[in-house]
Amino acid sequence: MDRALVSLLDPALRRLLTLRRDQLAEDGLDLDEIVHIIVVRPGDTLAEVEAEAGVAIGTNLVDGRKLGDPEFEPLFEYVNRKDGWLEAVMILSDDGFGLVLFVPDTIDIDPAISLLLRRCVAA
């Protein structure tokens, strides 16, 4: 995270990452032990994001339904839109370890990723 925050980043993304880092630090949590953060860029595919995440986010792990099935429900805890970014959180284990995706809220993102997140974005 420290390396990412000193690199060239969209200012809004830098603010979001800094906020989340500080919130977790306030709670005394070690970032590496509690969260895997993925910043999705234009050109990244759902398959590539799933490979990086190590989890099939386009599949409901409870009932096996996949993105595209009319009854598919994503397993994100929440998806928020803020400052041109979508932030999606998925808790992966009972100890609270989670996956956080930061995705630019733009039209040049993989349509499957856009569909997945926009289905559950907070109003």
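Located above this text is the structure these notes cover.
The structure presented is a predicted model; accordingly, all values stated were derived computationally and were not measured.

### Focus on the pattern of salt bridges
Turning to step 1, where the next piece is worked out: Applying the stated criterion across every chain, the model contains 7 salt bridges.
Turning to step 2, where the next piece is worked out: The partner of R21 in a salt bridge is D22, with the nearest N and O atoms 3.0 Å apart.
Turning to step 3, where the next piece is worked out: Take R21: its relative accessible area is 27%, and that puts it in the partly exposed class.
Turning to step 4, where the next piece is worked out: Across the pair D63 and R65 runs a salt bridge whose closest N-O atoms are separated by 3.4 Å.
Turning to step 5, where the next piece is worked out: One salt-bridge network, in which partners are shared between bridges, spans D63, R65, D69 and E71.

### Some thoughts on the pairing of strand β2 (residues 78–82)
Turning to step 1, where the next piece is worked out: Bridge analysis of β2 against strand β3 (residues 85–91) gives 5 bridges, and the strand direction is antiparallel. Bridging across to β3, Y78 finds its partner in V89.
Turning to step 2, where the next piece is worked out: Linking two consecutive strands that pair antiparallel, namely β2 and β3, is a turn of 2 residues; a positive phi of about 55 degrees is found at D83 within it.

Basis of the calculations
Residues numbered from 1 in each chain as written. Predicted model: local features only at pLDDT ≥ 70, side-chain atom pairs only at ≥ 80, totals over all residues. Heavy atoms only, no water. Salt bridge = Lys/Arg side-chain N within 4 Å of Asp/Glu carboxyl O. Buried < 20%, exposed > 50% of the residue type's maximum accessible area, 1.4 Å probe, protein only. Pairing = 2+ DSSP bridges. Helix = DSSP H or I, 4+ residues; strand = E, 2+ residues; numbered from the N terminus.

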